[in-house]
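# Remarks on the overall topology
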Amino acid sequence: MSGYKKDEDIEGTPFASIDKTTVFQEARIFNSSPISPRKCRTLLTKIAYLLSTSTSSAPVFTKEEATQLFFGVSKLFQNKDAGLRQMVYVVIKELASVAEDVIMVTSSIMKDTAMGSDVVFRPNAIRALCRVIDSTTVQAIERLIKTAIVDKHASVSSAALVSSFHLLPIASPIIKHWANETQEAVTASKIITMGGQQLSGGSSIAQYHALGLLYQMRSGDRMGVIKMITQFASSGSSSSGGGMMGKLLGGGGNGSLKSSAGLVMLIRYAAKIAAEDPNQRASMVGIIESLLRHRSDMVNIEAAKALLDIPNVQESEAQAAVTCLQLFLTSPRYAARFAAIRTLNKFAMRNPAAVSVCNPDIEGMIADSNRSVATFAITTLLKTGNEASVDRLMKQIQGFMGDISDEFKATIVDAVRSLVLKFPAKQGIMLAFLSGVLRDEGGYDFKRCVVEAVFDMIKFVPESREEALSVLCDFIEDCEYSKLAVRILHLLGQQGPGMPMPRKYIRYIYNRVALENALVRAAAVSALARFAVGDVDQGVKTSVKVLLARCMDDIDDEVRDRAALALRCVEDEEMANKFVKNDAVFSLPVLEQQLVLYVSDTGSFEKPFDIKQVPVITREQADVEAFQKKTQATTIVGSTFGTDKPAAKAASAGASVGEASAPVEDATSRYAQALAAVPEFGTYGAVLKSSREVELTEREMEYVVSAVKHVFKEHVVLQFDVQNTIPDTLLENVSMVAVPEDEESLEEEFIIPLPTLTEGAPGTIYVAFRRVEPEMYPITSFTNTLKFTTKEVDPTTGEPEESGFDDEYQVENLELVSGDFISPTFIGSFTQAWDTLGPANQATETYALSSLPSLAEATKNVIGVLGMQPLEGTDSPTSTTTHMVKLSGRATGGEKVLASVQMVYASQRGVTVKITARAESEGAAALVVNGIA
């Protein structure tokens, strides 16, 4: 006891000063006689500590040192002390991967794996044995491991199952023969030893390990996995009754699969099958739903989470999962409440309406003593709340912010930022909230988050612009972060000149020149320059010139240089347009892609990076991309409208809805360079818009064809990407015959065919059409026939035959839709822009879409096929019966286009849509209203 007392008196950890050299020298005690179990255990613990805490990629001990230690440790098998023997196996298992000739201790280890050995030794011995053998000796221990898998003791069975996991990569054929034993381990009742007593059925960890191993054995057999899931899920779901859902929904019985961890894993396997195999989706979802009533809370929560994560989850499926999670919101356990609210928070991003039924329970969680739970509750309410509840929510949040850390504050600010984009009419109270938290104490990351939220309000909610700029002006007076000050000054330079009283912002900006460091002063000079160029008040221009002249005396070179350039731009309008007023920016996704390619290819360093490869986009296009990211725009999968027309025309968008409905991405810039390299398109000018890629054949077909549509000022070019998958076959003179349904609006000019197309090599065919009336936008469908000459290729020589035969291959039709001629644009105030356009070029049409099941589905399809930007949060219906979508875009001819889409849903008639469009030309308005016809 005195020794242990001495250890307790040591301050700090006893391993704080462990040195590898000292430990290696102390290893001599392994050779002493008699062996001291206590000293050896202490030294083995030090070795294990060194092996487990190493942060270096290189091993702690060299191969020679590890081998010497390994065989020194093996001498301890002479002693029968139970604690020492367990530590011996721990160290042997860790050293086995580094030391040499470790297989020599196999016989000593196998003595402890025998049925008659102490049960304390057997699990450790089995784990060590499977680490020291190699693939050639696995078969020799096959009988031993199979016996251990079905052993009645849980610890022995679990050790054998986990060891089989490690052996699977090196001896997969042998391990798969153990499937019967593994399946028996899933259903068998095990014994655990506790306090010297053996308890039956007390542990189910072996079931968890057995189920995981069985899945790995059958992972290559889809039907085998499905059979396994069905078998064990039926036994597991019969164990309902103990959990929260089980108590409320009823159920009972004892299934053979009692491991909650095993059922959690089974749910994940079922969810994976449901996501990958549409034919098995219904059965797998049914299995997961049945486990919502299991006796274990962790199984209930995992089943609900899996259901909500399934792509395109049905409303009834989601409702069952949400109901299950709602019960856990009032659980007395922190872990259950946290898991439930976190899952609901994640699902609320996709379907806030489905989660809104939980709002009364979630509101009660705002005052939860666990700050993580309370934060998730608030952000969920912000996502699911309606416009009427915003005021009440913001008042609750204001009293909550002082009690949480910066990390949680930033999470809440992000949620508020999303909410203000959804309900711009509530910008006043939200700006007051952001202004208040901006004055509170906080670190850089938190302040940056708040500033970016205010930036978004200025950019996307014009009504808040003047007040939001005033908030930022007050903030930079006491801002301690130069990075934030520079960004705010840049924004003031962009927005300030267009405000009713620009002089107010000039004062705040010039204060930075007088009081800040060189970095901020330089940014302030650039911001001042924007107030003196262009069509501005002469008095303002004169005042700014005086201020810039004072900056010429600054002690910093950068500040003086910027002031000199600014003064020059004030006098030279052409120079000002180039250096000050030009808001065009590089396409950041393309820039990132080109830089990655440049850095990845070391041979490209011989020449400088060519910035000309990166396209320049307008500020309007950049705002659209930013707005879609802020509102977390969802990719809309292509679908087809209904075909009934009691009110007007049939509405069928055809095959290209999928590509037309994709989120805005710089597809045009990606194809512009390739098109510019084709001499035949030299007279066409710049490409105005390129569509997403549309697949015209299945990927498994002998000829794989996809298409991209490119719109020019007076032309339409179809790009067909073709791949030949038939082995030992060469295609020559490959061309595509594309015939438009409306031949009067499009005239074919030429086809650029492929001379040859070898197996596996992709090729591109271009078909160019002239728009007969460039001011009109043709909506039509192309029938496409691939024509070519087929020649067999000698597999030995690789030479094609001299003669071949002509052949053709019909592919799917290609639709030219409204979205191919419209690019989404963002505007701050839809009502103001709508009134500005006026009714001069207005068009209206009504459609009956009886095949669509809901307003949400109709909204997604309309936005997708028209290719326009939804505004003011109208992309998510808040009612199940009526909804209005506000859309903004710009036609390829340059005309601004707005659309107001009113929808009414009735269960008997489906969705009725009335679309009204206003544009700067009659053709652009007609393009929108005819878009879904």
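The rules we used
Every chain begins its residue count from 1, and numbering advances along the sequence as written. With pLDDT at 70 or above as the cut-off, local features in this predicted model cover only qualifying residues; side-chain atom pairs require 80 or more to be listed or tallied, and sums for whole chains, interfaces and linings still use all residues. Note that the side-chain values use all heavy atoms of the structure and ignore hydrogens as well as water. Elements are defined by DSSP. Helices are runs of H or I of four residues or more, strands are runs of E of two residues or more, and each kind is numbered from the N terminus. Any residue under 20% of the maximum accessible area for its type is buried, any over 50% is exposed, and the rest in between are partly exposed; the area is computed with a 1.4 Å probe on protein chains only. Between two residues, a contact is recorded if the distance between any of their heavy atoms is within 4.5 Å. Only the protein chains shown count as covering a residue, and every accessible area follows the Shrake-Rupley method with a 1.4 Å probe. N or O atoms closer than or at 3.5 Å make up a polar contact, with two conditions inside protein: a donor-capable atom paired with an acceptor-capable one, and, for residues adjacent in sequence, both atoms drawn from side chains. Lines fitted to the C-alpha atoms define the axes, with helices restricted to the stretch that makes contact. Angles between their N-to-C directions range from 0 to 180 degrees. Should an angle lie under 35 degrees it is considered roughly parallel, over 145 roughly antiparallel, and from 65 to 115 roughly perpendicular; all remaining angles are considered oblique. Each crossing gets its hand from how the near helix is turned against the far one by less than a right angle, where anticlockwise is left-handed and clockwise is right-handed. Exposure above 30% relative accessible area and the absence of a salt bridge qualify a residue for a patch, where like charges join within 9 Å and nonpolar side chains (Val, Leu, Ile, Met, Phe, Trp, Tyr) within 5 Å. Any Lys or Arg side-chain nitrogen located within 4 Å of an Asp or Glu carboxyl oxygen qualifies as a salt bridge. When the centres of two rings from Phe, Tyr and Trp lie within 6.5 Å, Trp using its six-membered ring, the rings pair. Their planes under 30 degrees apart give stacked, over 60 give edge-to-face, and anything left gives tilted. A pair of strands is treated as paired once DSSP finds two or more bridges between them. Each residue gets one of three labels, nonpolar for Ala, Val, Leu, Ile, Met, Phe, Trp, Tyr, Cys and Pro, charged for Asp, Glu, Lys and Arg, and polar for the others, Gly among them. Residues belong to one nonpolar core when they are buried, are Ala, Val, Leu, Ile, Met, Phe, Trp, Tyr or Cys, and are joined through side-chain atoms within 4.5 Å.

### With respect to the overall build of the protein chain
Helix and strand counts for the protein chain stand at 40 helices and 20 strands. By the burial criterion, 48% of the 933 residues in the protein chain qualify as buried. When contacts within the protein chain are restricted to residue pairs at least 6 apart in sequence, those whose partners lie at least 24 apart make up 66%. Carbon and sulfur atoms make up 50% of the accessible area of the protein chain, which amounts to about 44,000 Å² in all.

### Comments concerning the side chain of Arg 122
Mapped onto the elements, Arg 122 comes out in helix H7 (residues 121–132). Polar side-chain contacts of Arg 122 include one of 2.9 Å to the side chain of Asp 151.

### What to know about the packing of helix H24 (residues 406–422) against helix H25 (residues 427–439)
Across the interface, H24 lies against H25 with an axial gap of 10 Å and an inter-helix angle of 160°. Judged by the angle between their axes, H24 and H25 are roughly antiparallel. Here H24 runs over H25; the crossing is left-handed. Between H24 and H25, the contacting residues are Ile 412, Val 413, Val 416, Leu 419 and Val 420 on the first element and Gln 427, Met 430, Phe 433 and Leu 434 on the second.

### Quick notes on a nonpolar patch on the surface
Together, Phe 586, Ile 611 and Val 616 line one region of the surface with nonpolar side chains, adding up to about 250 Å² of accessible area. Turning to its location among the elements, Ile 611 is positioned in the loop between helix H34 (588–600) and strand E4 (616–617).

### Observations regarding the packing of aromatic side chains
As enumerated under the stated definition, the model contains 17 aromatic pairs in all. For the ring pair Phe 460 and Phe 826, a centre distance of 4.7 Å and an interplane angle of 85° mean the geometry is edge-to-face. With Phe 460 in helix H26 (residues 444–460) and Phe 826 in the loop between strand E15 (822–824) and helix H38 (830–837), this pair connects stretches of sequence that are 366 residues apart. The residues Phe 460 and Phe 826 share a single accessibility class, namely buried. Between Tyr 777 and Phe 821 the ring centres are 5.5 Å apart and the planes differ by 65°, which places this aromatic pair in the edge-to-face class. Linking Tyr 777 in the loop between strand E12 (762–771) and strand E13 (780–792) with Phe 821 in the loop between strand E14 (805–816) and E15, this pair joins segments that are 44 residues apart in sequence. Residue Tyr 777 is classed as buried on the basis of its relative accessible area, which comes to 10%.

### Focus on the sheet that holds strand E11 (residues 754–757)
Reading across from one edge, E11-E9-E13-E14 is the order of the four strands in this open sheet, with antiparallel pairing throughout. Each edge of the open sheet carries a strand with a single partner, namely E11 and E14. Put simply, the sheet's adjacent strands are angled 30° from each other on average, direction ignored. By the bridge criterion, three bridges tie strand E9 (residues 729–740) to E11 in an arrangement that is antiparallel. Counterpart to Val 734 in the pairing with E11 is Leu 754.

### Digging into the pattern of salt bridges
For the coordinates displayed, the defined rule picks out 30 salt bridges. Asp 277 is the partner of Arg 222 in a salt bridge, and the nearest nitrogen-oxygen pair spans 3.7 Å. Placement of the pair is Arg 222 in helix H13 (residues 222–237) and Asp 277 in the loop between helix H15 (260–276) and helix H16 (281–290), with a sequence separation of 55 residues. By relative accessible area, Arg 222 is classed as partly exposed at 33%. With relative accessibility at 15%, the residue Asp 277 sits in the buried group. In this structure, Arg 417 engages Asp 456 in a salt bridge whose closest nitrogen and oxygen atoms are separated by 3.4 Å. A residue pair is termed long-range when its members are at least 10 positions apart, and Arg 417 in helix H24 and Asp 456 in helix H26 qualify at 39 residues. For the pair Arg 417 and Asp 456, one class covers both residues: buried.

### Notes on the packing of helix H8 (residues 142–149) against helix H9 (residues 154–167)
The contact between H8 and H9 brings their axes to 7 Å, and the two run at 130°. The pairing of H8 with H9 is recorded here as oblique in orientation. Mapping the contact onto sequence places Ile 145, Ala 148 and Ile 149 in H8 and Val 156, Ser 157, Ala 160, Leu 161 and Ser 164 in H9. Class assignment for the residues of the contact of H8 with H9 results in six nonpolar, two polar and no charged.

### What to know about the nonpolar core
In terms of nonpolar packing, the biggest core is built from 201 residues, with Val 132 and Ile 229 touching the most fellow members. If near-sequence neighbours (up to four positions away) are discounted, Val 132 is found in contact with Phe 70, Ile 92, Ala 96, Val 102, Ile 103, Val 105, Thr 106 and Ile 109. The next biggest cluster of nonpolar side chains, apart from the first, holds 59 residues, and it includes Val 694, Met 868, Val 897 and Leu 927.

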